[in-house]
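What follows is each chain in one-letter form.
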Amino acid sequence: QFPFGRRLPCDIYWHGVSFHDNNIFSGQVNKFPGMMETVRKITLSRAMRTMQDLFPLEYNFYPRSWILPEELPLFVSEFRRMKDSDPSWKPTFIVKPDGGCQGDGIYLIKDPSDIRLTGSIQSRPAVVQEYICKPLLVDKLKFDIRLYVLLKSLEPLEIYIAKDGLSRFCTEPYQEPTLKNLHQVFMHLTNYSLNIHSGNFIHSDSVNTGSKRTFSSILCRLSSRGADVKKLWSDIISLVIKTIIALTPELKVYYQSDIPAGKPGPTCFQILGFDILLMKNLKPMLLEVNANPSMRIEHEQELSPGVFENVPSPVDEEVKVAVIRDTLRLVDPQKKKRKDTHIYFSCYFSSCSRRTCLNDSIQFSPSQSNPCVVALCRCRSLEQVREASEELPDAGLLARSEPDVHRSAEAALPSLCLKQVFPKYAKQFSYLRLVDRVAALFIRFLGVKGTTKLGPTGFRTFIRNCKLSNSNFSMAAVDILYIDITRRWNSMGIDHKESGMCLQAFVEAFFCLAQRKYKSLPLHEQVSSLIELCECRLAALRGKRLVCPRE
């Protein structure tokens, strides 16, 4: 553990919170720059809405959402319009603070007037979503699924899904929301951090019972009832891939800002936590994506009033140890360099609450108050291990020489719990990656390396190089479009550290240009046509010959 960084380079850096936990210049890091910002509730909702505008049927797994406070008037007007058209309509909505976690600040409402319009809504923006009133129940209880997804690479895109996950249960029998039960959090909210305080919460030594179970145990139960489990898994895989596709454009902007192309720097991977709810008809719905899913494999047990002890959790251990172990196996940099003789060592950290060493891997659960960076190091000799150990005064070392030990250790490990889903199924989903291509145009014209916003000069250069201005759309009109959209997005409180047009604003401007140029086509065809036109004209500038699409 290196709270203040490390002098010697390492193969893998395991950061506790974000990419910026330490300044590093080589190796691999278990966080992507900008991931925490990208999966926040508001940013995620905006990304999903963009994809829903382009592909409404493909992205119907995410509930309708409105962003507070700026979209409150829109929410109210749409609510009234639906109510007027169907007086029997009795919806429920869930309000989630943008930066909230562990269920903090979440509440249910029946009417827009129930939104808590105190000063907090201004200082703490939120998302209001349609509440899923008919979830699948097991033992009369509502539950959600936490699935672990490894984003191994951004370019090229490489995604893995863990074959098992966690099912987290409410602790009171479910009833559809009414004014009487709206505030019963143990009935409606599946958050583990909330339900653990319920007197009905059950810690179980079995993965099939209790308030937290393996997802595979739920699948077995559904299969025994005749449910099509294969189709359910296929739907979940599709949901995960489509969600990552929605997130990658923003991630690429952050990535080029922190790790500019052509310069030496680390590569990134990250384990994400996908929270999914199954509807009564087994349709999976995305609730949210967690950039830092908990990897704790124990829970606190109260021995006496005020006295707690950490007790192993078999369910967490079964799922999470496999995810971390196999993530390290997949990103192992030595797979391509087996000729090197080197030593892997794993450290027993005195500051970790659980210290177990298995072969060449390390299991750890640092305290929440002290996020740590873990380094998995490559040494070529025992002497280098001794030198490295001088930096670890509180650590015991287990050293083994390569390549013999690595081969025997790899053979002893179980098969991978992580299944590749992309690029394996890339052909089925590549048509969805339109915003990715728009982001590539945005990045091309950013100009200054390290920035994430496009200035007016860059926008004008984009218009000129792609030859998008004409007698009906002058450069003066281009400037007005830039100013109007940029000003509106900046008024929403989107990253005031830099001035200029953010990616989401550029996407909106691009959609406007596409609709202006190709009026008779559906939106996704309009956008696709304009992308092809821009790519063709930019390629022509580089002296390449491409067949340009219709204008």
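Residues numbered from 1 in each chain as written. Predicted model: local features only at pLDDT ≥ 70, side-chain atom pairs only at ≥ 80, totals over all residues. Heavy atoms only, no water.

Undergrad: If you had to explain the packing of aromatic side chains to someone new, which residues and values would you point to?
TA: A complete count under the given rule lists 21 aromatic pairs for this structure. Between Trp89 and Phe93, the ring centres sit 6.4 Å apart and the planes meet at 80 degrees, which makes this aromatic pair edge-to-face. Measuring from centroid to centroid gives 5.6 Å for Phe459 and Tyr482, while their planes differ by 40 degrees, and the two rings are tilted. Of the two residues, Phe459 sits in helix α14 (residues 456-465) while Tyr482 sits in helix α15 (residues 475-491), which places them 23 residues apart along the sequence. Under the relative-accessibility criterion, Tyr482 is labelled buried at 8%. Three or more aromatic residues link up through ring pairs in this structure, and these residues are Phe442, Phe445, Phe459, Phe462, Tyr482, Phe506 and Phe510. In this structure, Arg213 packs its charged tip against the face of Phe169, placed 4.2 Å from the ring centre. (Phe/Tyr/Trp six-rings, centres within 6.5 Å; stacked < 30°, edge-to-face > 60°. Helix = DSSP H or I, 4+ residues; strand = E, 2+ residues; numbered from the N terminus. Buried < 20%, exposed > 50% of the residue type's maximum accessible area, 1.4 Å probe, protein only. Lys NZ or Arg CZ within 6 Å of the ring centre and 35° of its normal.)

Undergrad: Account for the sheet that holds strand β5 (residues 107-109), with residues named and values stated.
TA: Spatial strand order, β3-β6-β4-β5: four strands in an open sheet with antiparallel pairing. For this open sheet the edge positions go to β3 (65-68) and β5, each flanked by a neighbour on one side alone. The sheet shows a mean angle of 25 degrees between the axes of neighbouring strands, taken without regard to direction. By the bridge criterion, five bridges tie strand β4 (residues 93-97) to strand β6 (residues 126-130) in an arrangement that is antiparallel. Among the inter-strand pairings, Val95 is bridged to a residue of β6, identified as Val128. The sheet contacts of helix α2 (residues 41-54) involve β3, β4 and β6, and relative to β3 the element is tilted by about 135 degrees. Sheet strands touched by helix α3 (residues 72-85): β3, β4, β5 and β6. Its angle to β3, the strand with the most contacts, is close to 140 degrees. (Pairing = 2+ DSSP bridges. Axes fitted to C-alpha atoms, helices over the stretch in contact; angles between N-to-C directions. Contact = heavy atoms within 4.5 Å.)

Undergrad: Just give me the short version of α15, but keep the residues and values in it.
TA: The end-to-end C-alpha distance of α15, which contains 17 residues, comes to 24 Å, matching closely the 24 Å that a straight helix rising 1.5 Å per residue would cover. Residues Met475, Val478, Leu481, Tyr482, Ile485, Thr486 and Trp489 constitute the buried set of α15. The buried residues of α15 occupy an angular sector of 110 degrees when the element is viewed end-on, so they sit on one face. Turned more than 90 degrees away from the buried face of α15 sit Arg487 and Ser491, all of them exposed. Check the buried side of α15 and you find it contacts α2, α14 and α16 (503-517). (Expected span 1.5 Å × (residues − 1). Arc of directions from axis to C-beta.)

Undergrad: Give a description of the pairing of strand β8 (residues 141-153) that names residues and reports values.
TA: By the criterion of burial, β8 is predominantly enclosed, with twelve of the 13 residues buried. Relative to β8, strand β7 (residues 137-138) runs antiparallel, the two being bridged by two bridges. Paired with Leu137 across the bridge in β8 is Lys142. What sits between the antiparallel neighbours β7 and β8 is a turn of two residues, in which Asp139 has the positive phi angle 55 degrees.

Undergrad: Report on the confidence of the model for the chain, specifying residues and quantitative values.
TA: Per-residue pLDDT for the chain has a mean of 83; in total, 80% of the residues score no lower than 70. When pLDDT is averaged over each element of the chain, strand β9 (residues 158-162) comes out on top at 98 and strand β17 (residues 343-349) at the bottom at 33. Note on residues 339-402: pLDDT is under 50 here. Beyond four places in sequence and across chains, it has 143 contacts. (pLDDT = per-residue confidence, 0-100.)

Undergrad: Tell me about the environment of Ala514, and name the residues and values.
TA: On the secondary structure map, Ala514 appears in helix α16. Taking the C-alpha atoms as reference, Ala514 lies 8.6 Å from Ile531; in sequence the two are 17 residues apart. Among all residues touching Ala514, those that are not within four sequence positions of it are Gln526, Val527 and Leu530.

Undergrad: A description of the side chain of Thr248 should follow, citing residues and the corresponding values.
TA: Checked against the element boundaries, Thr248 lands in helix α8 (residues 229-258). Its relative accessible area of 0% is what places Thr248 among the buried residues. Looking at Thr248, its side chain comes within polar contact range of the side chain of Asp436, at 3.0 Å. If we skip the residues at most four places from it in the chain, Thr248 touches Leu154, Leu157 and Asp436. (Polar contact = N/O pair within 3.5 Å; in protein donor to acceptor, adjacent residues only side chain to side chain.)

Undergrad: I'd love a proper account of the pattern of salt bridges, names of residues and values included.
TA: Taken as a whole and judged by the stated rule, the model has 24 salt bridges. As a salt-bridge pair, Glu508 and Arg488 come within 2.2 Å of each other at their nearest N and O atoms. Of this pair, Glu508 sits in helix α16 while Arg488 sits in helix α15, and the two are 20 residues apart along the sequence. We classify Glu508 as partly exposed; its relative accessible area is 22%. With relative accessibility at 36%, the residue Arg488 sits in the partly exposed group. By sharing partners, the salt bridges in this structure join Asp144, Arg146, Arg168 and Asp275 into a single network. (Salt bridge = Lys/Arg side-chain N within 4 Å of Asp/Glu carboxyl O.)

Undergrad: Any chance you could break down the nonpolar core for me, citing the residues and the numbers?
TA: Judged by nonpolar contacts, the single largest core of 104 residues is most densely connected at Phe274, Phe459, Phe462, Phe510 and Val527. No other element matches the 14 residues that α8 contributes to this core. Among the domains, domain 1 (12-63 + 132-302 + 309-334) and domain 2 (432-546) are the pair contributing at least three residues each to this core. Beyond its immediate stretch of four places on either side in the chain, Phe462 contacts Leu441, Phe445, Leu468, Phe506, Phe510, Leu513 and Cys534. Among the nonpolar cores identified, the runner-up in size contains 21 residues, and Ile12, Tyr160, Leu166 and Val331 belong to it. (Core = buried A, V, L, I, M, F, W, Y, C linked by side-chain atoms within 4.5 Å. Domains from an automatic or database assignment.)

Undergrad: Pulling in residues and values, what's your account of the state of the cysteines?
TA: Within this structure, the stated rule accounts for zero disulfides. Just so you know, Cys534 is unpaired, no disulfide at all, and the nearest cysteine sulfur is the one on Cys466, 3.7 Å from it. (Disulfide = S-S within 2.5 Å.)

Undergrad: So, the packing of α2 against α8: which residues are in play, and what are the values?
TA: Helix-helix packing: each pair is described by the crossing angle between the helix axes and the interaxial distance. Contact pair α2 / α8: the axes reach a minimum separation of 9 Å and the direction vectors enclose 105 degrees. Classified by the angle their axes make, α2 and α8 are roughly perpendicular. Contact with α2, carried on its side by Leu44, Ala47, Met48 and Met51, involves Thr243, Ile245, Ala246 and Leu247 of α8 and no other residues of that element. (Parallel < 35°, antiparallel > 145°, perpendicular 65-115°, else oblique.)

Undergrad: Describe unusual backbone geometry, listing the residues and the values that go with them.
TA: Omega for the peptide link from Leu68 to Pro69 comes to 10 degrees, which places this bond in the cis form. Along the chain, Pro69 falls in the loop between β3 and α3. Following Phe422, the chain continues into Pro423 via a peptide bond in cis, with omega recorded as 15 degrees. Mapped onto the elements, Pro423 comes out in the loop between β23 (418-422) and α12 (426-429). In this model, Asp139 sits at a positive phi of 55 degrees, which is unusual for a non-glycine residue. You can see Asp139 is positioned in the loop between β7 and β8. Overall, Asp139 belongs to the partly exposed group, its relative accessible area being 39%. For Lys140, which is not glycine, the phi dihedral falls at a positive 70 degrees. Relative to the helices and strands, Lys140 is located in the loop between β7 and β8.

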